[in-house]
Each structure stands twice: as structure tokens, then as C-alpha cells.
Amino acid sequence: MTSTHDPDAPTSAPPPHVRGREHPADPAPADSAAAAPAQPQPPAPGSASQRLLRRVPHHRLAAPSAALVGFMAVFTLVGGWRLAWWAGALVTFALLVWLAQTGQEVVPRRHLRAYERGLATLFPLLLLAGWELLAGTGALSARWFPPPSDIAVAVWELSVEPETGGTSLLGRPWRLPELIGELGLAGALGAIVEESHVLATLGRVFIGFVLGLAPGIVVGALMGANRTVRIMLDNVMSAFYVLPKIAIFPIVMLLFANPFGEGPIITVVAVSAFFFVAFNTMAGVQGVDRIFLDVGANYGANRLQMFRHVIIPGALPVIFAGFRIALGAALIVVVAVEFVRADQGVGHLTIYYWEVLSPPRMYAGLFTTMALGVLLTFGLLAVEKRVMPWRRNRGDDDLPTG
Amino acid sequence: MSEAHSARRHDPHQGSPAAEPAPKIVADRLHKRFPAAGEPVVALEELSLTVAEGELVSVVGPSGCGKTTFLRLLAGLEEPTSGSLAIRASDDGAQRPQNAVVFQEYGIFPWKTVLQNVAFGLQMRGVARREREEQAQAWVERVGLARFAGAYPHELSGGMKQRVSIARALANDPEVLLMDEPLGALDAQTRTVMQEEILDLWERDQKTVVYITHSIDEAVFLSDRVVVMTAHPGRKKAEHAIDLPRPRRWEQTGGADFAALRLQIWSDLEDEVKRTMAGQA
């Protein structure tokens with residue numbers, strides 16, 4: 001902790017930002033576990049508590065910035081990027097971290113959250129900008145690594161113009177009003193779904209996920225709650241768990257009248273989701289704190305009430321962790337299947353433009369897949385917050401204290 | 001167990017006009033062995049205890065002496081290996097659960113609000129939603145948490161959580177209240193406040209209470225009687241009647257008679273604690 005006697009801190013400097021620190025003089029909220037973040041306190045020159053407050057002079061922000069710029073200049077001048085680009089990248093990253101951390105100390109505490117959010121958004125943008133720059137100067141082959149601007153254009157084109165097969169990225173949902181006039185609401189929605197790569201993939205992921213989830217919870221809960229069931233099923237489940245689910249795709253295709261339809265894809269997704277959900281539900285049920293089972297028994301819960309009020313809610317956080325893994329796995333399976341056996345979907349899009357050698361559109365498929373993954377995760381987190389309201393506001397107190 | 005209850009009605013105690021209240025809890029030569037690799041672990045041996053209606057009895061003993069096992073037997077969470085245990089039902093004909101436990105470390109459900117937690121026992125017994133929420137609300141108010149009825153436990157302090165746990169037990173109107181080191185997780189000041197609150201609640205309701213604790217001060221301050229248990233295996237070593245006047249207040253803990261009782265109990269307990277520590281070393 002920096003004290004006022006810090007030789008680096010000039011006493012005549014303009015008043016620096018001061019943040020309230022956790023020290024005994026802070027009025028500690030005694031009866032509230034989720035304490036509100038400490039309010040910034042005004043500097044009180046000469047007071048005893050001042051020594052305990054942290055002062056960060058602005059020049060501490062200037063120093064890393066200067067170091068960063070200086071290093072980049074020298075490194076570039078001596079041709080460092082050509083000789084050892086990875087060393088340059090490593091040092092640059094380290095300097096950026098230093099810069100961001102110093103900034104974090106300077107930012108007033110009440111803006112800390114906004115600052116962190118900004119950091120989380122800006123860094124990926126910085127990476128894209130770097131890519132754009134490298135591809136533009138020819139340091140990176142624009143042929144195999146087309147600049148992000150080209151990829152953005154490809155995304156745009158894929159969205160607004162149907163391809164030769166009559167498909168487009170999103171299915172051009174803005175046509176909905178005019179399509180309703182022609183085909184009615186159901187027909188219009190059907191036409192959009194039929195045209196859209198994204199909706200095809202999302203539909204497969206979602207339907208397969210939901211179909212796998214329900215039996216996964218039931219089997220997992222049974223395995224968690226009943227030792228005999230667990231012992232009997234454990235080896236079988238473990239063996240299937242490690243099997244890459246895509247490997248059963250040929251068998252599943254044999255089972256369906258139309259091996260090239262949606263049935264096999266959705267089935268494989270459901271099977272892969274099932275195992276993740278089942279294993280996590282089992283772990284969650286086994287992990288429910290004993291005391292809660294005692295409370296349930298002591299207060300007269302019957303078996304069903306025990307599941308409904310004690311075991312399932314107690315296991316939910318772990319079950320939801322399983323959902324997240326299962327959803328990721330579902331996306332992997334769908335894209336992999338679309339590579340080989342589909343004429344629609346983001347996986348198909350990616351592999352098709354590899355076949356016709358159009359890298360920007362190939363990357364457009366990849367980025368869309370990433371966006372889908374992020375979107376699905378956010379959706380799941382939103383559901384999680386609704387289903388587990390008691391876990392809201394947790395983690396508000398994990399702000400770094402510097 | 002209900003047959004045992006009716007049998008107790010003809011207890012000689014009750015027949016006598018000498019105002020001795022009928023025993024509420026009769027534990028007779030309880031044994032509890034837990035199977036283990038090698039020798040089975042004997043947690044309780046020959047433990048007999050009678051608790052009168054409306055009495056508050058504390059059980060103190062070194063850690064691992066089986067006092068929690070005793071409470072779990074009373075709560076019906078474990079079956080005794082041998083011996084008998086009976087809790088006499090009240091004569092007023094009201095449907096009540098036999099017991100309700102206030103557990104160590106609260107044991108309130110993080111996934112239920114304060115109100116839902118307090119209403120839990122009523123809900124399990126099929127009390128209609130409206131009615132159980134009214135009753136629970138009344139208890140939430142009685143323990144001073146009206147403002148937090150809709151809050152989840154993670155928003156509460158330790159003392160508040162324990163109030164929820166106590167309200168949850170009392171909302172069931174059980175025949176006996178069993179408390180298993182309920183204040184063990186609290187800091188010293190909060191403990192003091194909570195001890196007084198427990199006394200307040202008890203003095204109003206006159207429930208029969210079995211209170212497990214490792215704190216002699218707490219036992220003396222709260223109880224009518226303190227039972228000292230031996231270290232492993234758990235046996236009853238001594239009983240001390242606490243005849244300090246009621247209603248009790250914290251100031252009394254500074255008095256000479258309080259200190260004398262504390263010393264008596266400690267002299268019983270000291271050897272047992274030392275034996276436990278020697279066993280662990």
C-alpha cells in the first residue's frame with residue numbers, strides 16, 4: 001500500500017484520484033453479507049486515515065504508455081517483427097497488461113466495472129485491428145487470412161443475396177412483411193427458415209439439446225440418488241461418455257428412413273447432450289450438502305418433495321454447468337455433421353466455400369459459428385438467472401482490489 | 001412410537017399430584033454403534049435422559065462425544081442400536097410434528113427465500129399456500145426479519161440466517177425443539193444477542209428444548225438443567241440443575257452463582273476434554 005511518504009508521490013501534484021480502501025476506519029456494514037462497494041472517500045489532507053488511502057499519481061499511467069510506444073518503435077526499426085514476431089507479440093501483450101492494470105488503479109472505483117467491460121470489448125477489437133493491419137501490409141497472407149473487413153463484406157453479401165442454392169446466412173428475415181402477404185404467417189416463417197443457414201444450425205442444436213436434456217436429467221438424478229443404479233450404470237455410461245458422439249453418426253443414419261434428413265443429426269446432438277447432462281446431474285445430486293437432506297427428512301419431506309424442494313435445486317448449479325458443456329458439444333457435433341452431410345447450416349457454408357476456394361466466405365461461416373456459440377451461451381446464462389434467482393448478485397464482491 | 005406415547009400417559013409421574021410435570025422425552029439406555037472397518041464405533045452407551053414438559057435441557061461434552069448423535073436419534077434421523085426413546089404427544093389433540101431441528105451451520109436452503117424457508121415444514125405437511133404463508137410471515141416478523149421476508153439467504157448475515165432457522169423450526173409448532181450447536185458459527189457478540197433472543201422465544205412459548213452446545217456459559221445461561229457427557233463413547237457423566245432466576249438477562253452471567261455453576265460443570269468436563277485431546281494426539 002502506497003503511503004503519503006512515498007518518495008515517488010510529489011506533494012505539490014494535483015490531487016490524485018483516491019479510492020476508499022478496506023481499513024479499520026471504514027464503517028463496516030455488519031449485517032449485510034453482500035456489502036455495497038465502498039464509496040470513494042474525499043481526500044482529507046493531514047488526517048490520520050490519509051496514510052491508509054492509496055494515491056496513484058498520473059505519471060504511473062504515462063510511464064507504461066511511453067514504454068509501450070518506445071518498445072514498438074525500436075523493435076520495428078531493428079526489424080524485430082521479421083526476426084522474431086512472437087517475441088514482439090509477447091512483450092507487447094505484457095506491456096498492454098501492465099498498461100491496463102495501471103489504468104485500473106487510476107480509474108475511480110465506481111467506474112471500475114465499466115472499465116473492465118470496456119477492456120473485455122476493446123482487446124478483441126484490438127486483435128481484429130492488428131489482423132487488418134497485418135493483412136493490409138502483406139505481412140500476413142491476405143489470401144489465406146483475409147482481413148476482417150473482407151470477412152465483414154462476405155457476411156454482408158451472404159446475408160443480403162441468396163446463393164446459387166437459394167440459401168442465405170439469416171434467411172433475409174426483413175422480407176417477412178411481404179412474405180406474409182403472399183404465404184401467410186406460417187408459410188412466411190417456413191420460407192425464411194428454409195433459406196437460412198443460421199436457423200438451420202440453431203434449430204438442430206436447440207431441438208437436439210432439448211431432446212437430450214430431459215432424459216439426461218432423469219437418468220442423472222436416478223444415478224445420483226440411488227447407489228445401486230449408479231453402480232450398475234457407471235461403467236456403461238463412462239464408456240459412452242468418452243466416445244466421440246460423431247462416431248455413432250453412421251449407425252444413426254442406418255436407423256432412419258431418410259439418412260440424409262434432419263433425424264440423424266438431431267439424434268446425434270441429443271445423444272451427446274444426454275451424456276453431459278446426465279453426468280453433471282449425477283455429480284450435482286451427489287454433491288447436495290448432507291445437511292439439506294437432513295432438514296428435508298426432519299421436516300417430513302416425502303421422496304417426491306425431497307427431489308422437488310431439496311435435491312434438484314441443490315444440484316441445479318452443477319446441472320447448469322453441464323448444460324453449458326452440452327450446448328457447446330451440441331454445436332461441435334452439428335457443425336461436424338454439417339461438414340459431411342447437409343446442404344444447409346453454418347458448417348455446410350464453411351466447408352462449401354472451402355471447396356470453391358473463397359476464404360472470406362469460409363471465415364464468414366466460422367465467425368457466424370462463433371457468434372452462435374456466444375449467443376447460445378448468453379441465452380443459457382439468461383435462463384440460468386431466471387431459474388436460479390438466488391444466485392443473482394453473487395460475485396458482485398469479486399472486484400479486484402488492486 | 002405412538003404406542004410408546006400412550007403408554008407414557010400412565011406414567012407414575014403424571015398420576016402424582018406433586019406438580020412434577022410429566023416427562024416429555026424419555027430416553028432409556030440408548031446405545032448407538034456405527035459400523036466401521038474393523039471395530040464398530042460406539043457413539044453412545046447407556047444414555048438415559050428424561051426431559052420434562054417445557055424444560056430446556058442442554059447437553060455439553062467434548063467434541064466427538066456423541067452429543068450430536070444423541071440429537072439425531074431424538075430427531076429420528078438415526079435409529080438407536082438398542083434402547084428406547086419416546087416423545088410424548090400433547091394431550092390437546094392438535095396435529096404436530098414430533099420434533100423440529102435447528103441445525104448446525106443453519107441448514108437453511110439457499111434456493112428459498114426467507115419466507116419460503118420458514119414455511120418449509122408447513123409446506124411438507126401439506127398446509128395450503130395461503131395459510132402457511134400467513135403463519136410463516138408471522139414467524140418472520142417475530143424474529144425481526146419482516147424486511148427480509150423476500151430475501152435469499154446469501155443476502156443475510158450469520159445471525160439473521162440462524163433466526164430464519166429457528167423460525168422455521170418453531171413455525172411447525174413441534175412437540176419438542178432440538179437445537180444442535182445453533183450458535184456455533186456465530187461471532188461472540190452475535191452469539192450473546194442470539195442467546196437472549198432464544199430465551200425470549202422460549203420464555204414465551206415454553207417449548208420443551210434439547211440444546212446441544214460446546215459452550216458451558218451458553219448452557220448455564222439458557223438451561224434449566226445441564227447434562228455433561230463423557231468423551232468417547234458418550235455416556236452421561238453428570239447432571240446439574242440450574243436454578244438461576246428467570247427471566248434471565250446477560251448481566252447475570254457476571255454473578256457469583258453463575259460463576260459457581262460454570263466452575264462445577266467445568267470440573268466435570270475438564271477430564272473429558274483432556275482425554276479427548278490425549279486421544280487425538
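Parameters and conventions
Residues numbered from 1 in each chain as written. Chains lettered and ligands numbered in written order. Predicted model: local features only at pLDDT ≥ 70, side-chain atom pairs only at ≥ 80, totals over all residues. Heavy atoms only, no water. Helix = DSSP H or I, 4+ residues; strand = E, 2+ residues; numbered from the N terminus. Buried < 20%, exposed > 50% of the residue type's maximum accessible area, 1.4 Å probe, protein only. Contact = heavy atoms within 4.5 Å. Areas by Shrake-Rupley, 256 points an atom, 1.4 Å probe, with all protein chains shown as cover. Buried area = accessible area lost by both parts, 1.4 Å probe. Salt bridge = Lys/Arg side-chain N within 4 Å of Asp/Glu carboxyl O. Domains from an automatic or database assignment. 1 Å grid on protein atoms, 1.4 Å probe; cavity = no way out; pocket = protein on both sides within 12 Å on 5 of 7 lines; lining within 4 Å. Points joined across faces, edges and corners; volume = space filled by probe spheres on them. Nonpolar A, V, L, I, M, F, W, Y, C, P; charged D, E, K, R; others polar. Pairing = 2+ DSSP bridges. Axes fitted to C-alpha atoms, helices over the stretch in contact; angles between N-to-C directions. Phe/Tyr/Trp six-rings, centres within 6.5 Å; stacked < 30°, edge-to-face > 60°. Lys NZ or Arg CZ within 6 Å of the ring centre and 35° of its normal. Parallel < 35°, antiparallel > 145°, perpendicular 65-115°, else oblique. Lys, Arg positive; Asp, Glu negative; His and termini not counted. Polar contact = N/O pair within 3.5 Å; in protein donor to acceptor, adjacent residues only side chain to side chain.

**So, the overall build of chain A**
Reasoning step 1: Tallying secondary structure elements over chain A gives 13 helices and two strands in all.
Reasoning step 2: Split into buried and exposed, the 402 residues of chain A put 38% on the buried side.
Reasoning step 3: Here the analysis covers contacts within chain A between residues at least 6 apart in sequence; of these, 67% occur between residues at least 24 apart.
Reasoning step 4: Carbon and sulfur atoms make up 68% of the accessible area of chain A, which totals about 22800 Å².

**Section: the environment of A241(B)**
Residues and elements named next belong to chain B.
Reasoning step 1: Structurally, A241 is set in strand 9 (residues 236-241).
Reasoning step 2: By relative accessible area, which is 53% here, A241 ends up exposed.
Reasoning step 3: On a C-alpha basis, the gap between A241 and L201 in space is 21 Å, while along the polypeptide they are 40 residues apart.
Reasoning step 4: Residue contacts for A241: discarding those within four places in its chain leaves D224, R225 and L261.

**Digging into the environment of L199(A)**
Residues and elements named next belong to chain A.
Reasoning step 1: Among the secondary structure elements, L199 is positioned in helix 6 (residues 197-225).
Reasoning step 2: For L199, a relative accessible area of 33% translates into the label partly exposed.
Reasoning step 3: It is 18 Å that separates the C-alpha atoms of L199 and Y363, two residues lying 164 residues apart in sequence.

**A few points about the interface of chain B and chain A**
Reasoning step 1: Each partner contributes to the interface: chain B provides 28 residues, whereas chain A provides 25 residues.
Reasoning step 2: Together chain B and chain A conceal approximately 2300 Å² of surface at their shared face, both sides included; 62% is due to carbon and sulfur atoms.
Reasoning step 3: When the buried surface of chain B facing chain A is broken down by residue, W111(B), M124(B) and H154(B) rank first, second and third, together holding 34% of it.
Reasoning step 4: Taken together, chain B and chain A are joined by one salt bridge.
Reasoning step 5: A salt bridge links R72(B) to D294(A); its shortest N-O distance comes to 2.6 Å.

**Focus on the pattern of salt bridges**
Reasoning step 1: Taken as a whole and assessed by the stated rule, the structure comprises 32 salt bridges over all chains.
Reasoning step 2: D28(B) is the partner of R29(B) in a salt bridge, and the nearest nitrogen-oxygen pair spans 3.0 Å.
Reasoning step 3: Given the relative accessible area of 27%, D28(B) is considered partly exposed.
Reasoning step 4: For the salt bridge of R72(B) with E78(B), the shortest nitrogen-to-oxygen distance reads 3.2 Å.
Reasoning step 5: What emerges from the salt-bridge pattern is a single network uniting R290(A), D294(A), K32(B), R72(B) and E78(B).

**Description of the domain arrangement of chain A**
Reasoning step 1: Each assigned domain of chain A is listed with its residue range as follows: domain 1 (56-137) and domain 2 (195-391).
Reasoning step 2: Taking only C-alpha atoms, the centre of domain 1 of chain A and the centre of domain 2 of chain A are 38 Å apart.

**Points about the layout of surface pockets**
Residue and element names in this part refer to chain A.
Reasoning step 1: Volume-wise, the largest pocket comes out at about 1100 Å³.
Reasoning step 2: Along its surface, the largest pocket is lined by 23 residues, and W81, A89, G130, W131 and L134 are the ones closest to its centre.
Reasoning step 3: Looking at the lining of the largest pocket, the elements that each hand over two or more residues are helix 1 (59-77), helix 2 (80-106) and helix 3 (112-137).
Reasoning step 4: Broken down by element, the residue count for the lining of the largest pocket peaks at nine residues, all from helix 3.
Reasoning step 5: Of the residues belonging to the lining of the largest pocket, the class tally is 16 nonpolar, six polar and one charged.

**A look at the sheet that holds strand 5 (residues 99-102) of chain B**
All names here are of chain B.
Reasoning step 1: With mixed pairing, six strands are arranged side by side in an open sheet as 5-6-7-3-8-9. Since the sheet does not close on itself, it has two edges, and those belong to strand 5 and strand 9, each with one partner. Between one strand and the next, the sheet's axes are offset by a mean angle of 20°, whatever the strand orientation.
Reasoning step 2: Pairing analysis gives four bridges linking strand 5 to strand 6 (residues 176-180), with the strands arranged parallel. Within the sheet, the bridge partner assigned to A100 lies in strand 6 and is L177.

**What to know about the packing of aromatic side chains**
Reasoning step 1: The tally for this structure, following the rule as stated, stands at 17 aromatic pairs over all chains.
Reasoning step 2: Site record: aromatic cluster; members linked through ring pairs are F292(A), Y299(A), F109(B), W111(B) and F120(B).
Reasoning step 3: The cationic tip of R168(B) hangs over the ring face of Y299(A); the distance from NZ or CZ to the ring centre is 5.2 Å.
Reasoning step 4: The positively charged end of R168(B) is found above the aromatic ring belonging to F109(B), 5.4 Å away from the centroid.

**What to know about the sheet that holds strand 2 (residues 41-52) of chain B**
Hydrogen bonds between backbone atoms are what pair the strands of a sheet, whose relative direction is either parallel or antiparallel.
Residues and elements named next belong to chain B.
Reasoning step 1: Taking strand neighbours across the sheet as the criterion, the three strands line up as 2-1-4 in an open arrangement whose pairing is antiparallel. The open sheet terminates on both sides in strands that have one partner only, identified here as strand 2 and strand 4 (82-87). The sheet shows a mean angle of 15° between the axes of neighbouring strands, direction not considered.
Reasoning step 2: Sitting on the sheet, helix 3 (residues 67-74) touches strand 1 (23-34), strand 2 and strand 4, and the angle it makes with strand 1 is about 120°.

**Concerning helix 10 (residues 290-298) of chain A**
Reasoning step 1: Among the residues making up helix 10 of chain A, those that are buried are I291(A), F292(A), D294(A), V295(A), G296(A) and N298(A).
Reasoning step 2: In this structure, the buried side of helix 10 of chain A is in contact with helix 11 (303-340) of chain A together with helix 3, strand 5, helix 5 (120-124) and helix 7 (158-171) of chain B.
Reasoning step 3: Once helix 10 of chain A ends, the next one or two residues include G300(A), with phi positive near 85°.

**Overview of empty space enclosed by the protein**
Residue and element names in this part refer to chain B.
Reasoning step 1: A full pass over the atoms with the stated rule returns two cavities of 30 Å³ or more.
Reasoning step 2: The calculated volume of the largest cavity comes to roughly 80 Å³.
Reasoning step 3: In terms of lining, the largest cavity is formed by L56, I166, L170, L177, M179, I198, L201, W202, D205, K207 and V209.
Reasoning step 4: Residue composition of the lining of the largest cavity, grouped by class: nine nonpolar, no polar and two charged.

**Observations regarding the packing of helix 6 of chain A against helix 7 (residues 227-242) of chain A**
Residue and element names in this part refer to chain A.
Reasoning step 1: Running from amino to carboxyl end, helix 6 crosses helix 7 at an angle of 125°, the nearest separation of the two axes being 6 Å. As far as their axial angle goes, helix 7 and helix 6 are oblique. Note on element contacts: helix 7 touches helix 6 through R227, V229, R230, L233, D234 and M237, opposite V219, L222, M223, G224 and A225.
Reasoning step 2: Looking at the contact of helix 6 with helix 7 residue by residue, the classes come out as seven nonpolar, one polar and three charged.

**Quick word on unusual backbone geometry**
Reasoning step 1: Note that the residue after R246(B), namely P247(B), is joined by a cis bond; omega there is -5°.
Reasoning step 2: Tracing the backbone through its elements, the reader meets P247(B) in the loop between strand 9 and helix 10 (256-280).
Reasoning step 3: With a phi close to 55°, L357(A) is a non-glycine residue in the positive phi region.
Reasoning step 4: Among the structural elements, L357(A) can be located in the loop between helix 12 (346-355) and helix 13 (359-387).
Reasoning step 5: The backbone phi angle of D173(B) is positive, close to 50°, even though this residue is not glycine.
Reasoning step 6: Counting through the fold element by element, D173(B) comes out in the loop between helix 7 and strand 6.
Reasoning step 7: Judged by its relative accessible area of 31%, D173(B) falls in the partly exposed class.

**Comments concerning the side chain of R230(A)**
Residues and elements named next belong to chain A.
Reasoning step 1: With respect to the helices, strands and loops of the structure, R230 is situated in helix 7.
Reasoning step 2: The charged side chain of R230 is buried without a salt bridge, its nearest counter-charge being D234 at 6.5 Å.
Reasoning step 3: At 2.9 Å, the side chain of R230 forms a polar contact with the backbone oxygen of M223.
Reasoning step 4: Apart from the residues lying within four places of it in its own chain, the contact partners of R230 are M223, G224, M282 and Q286.

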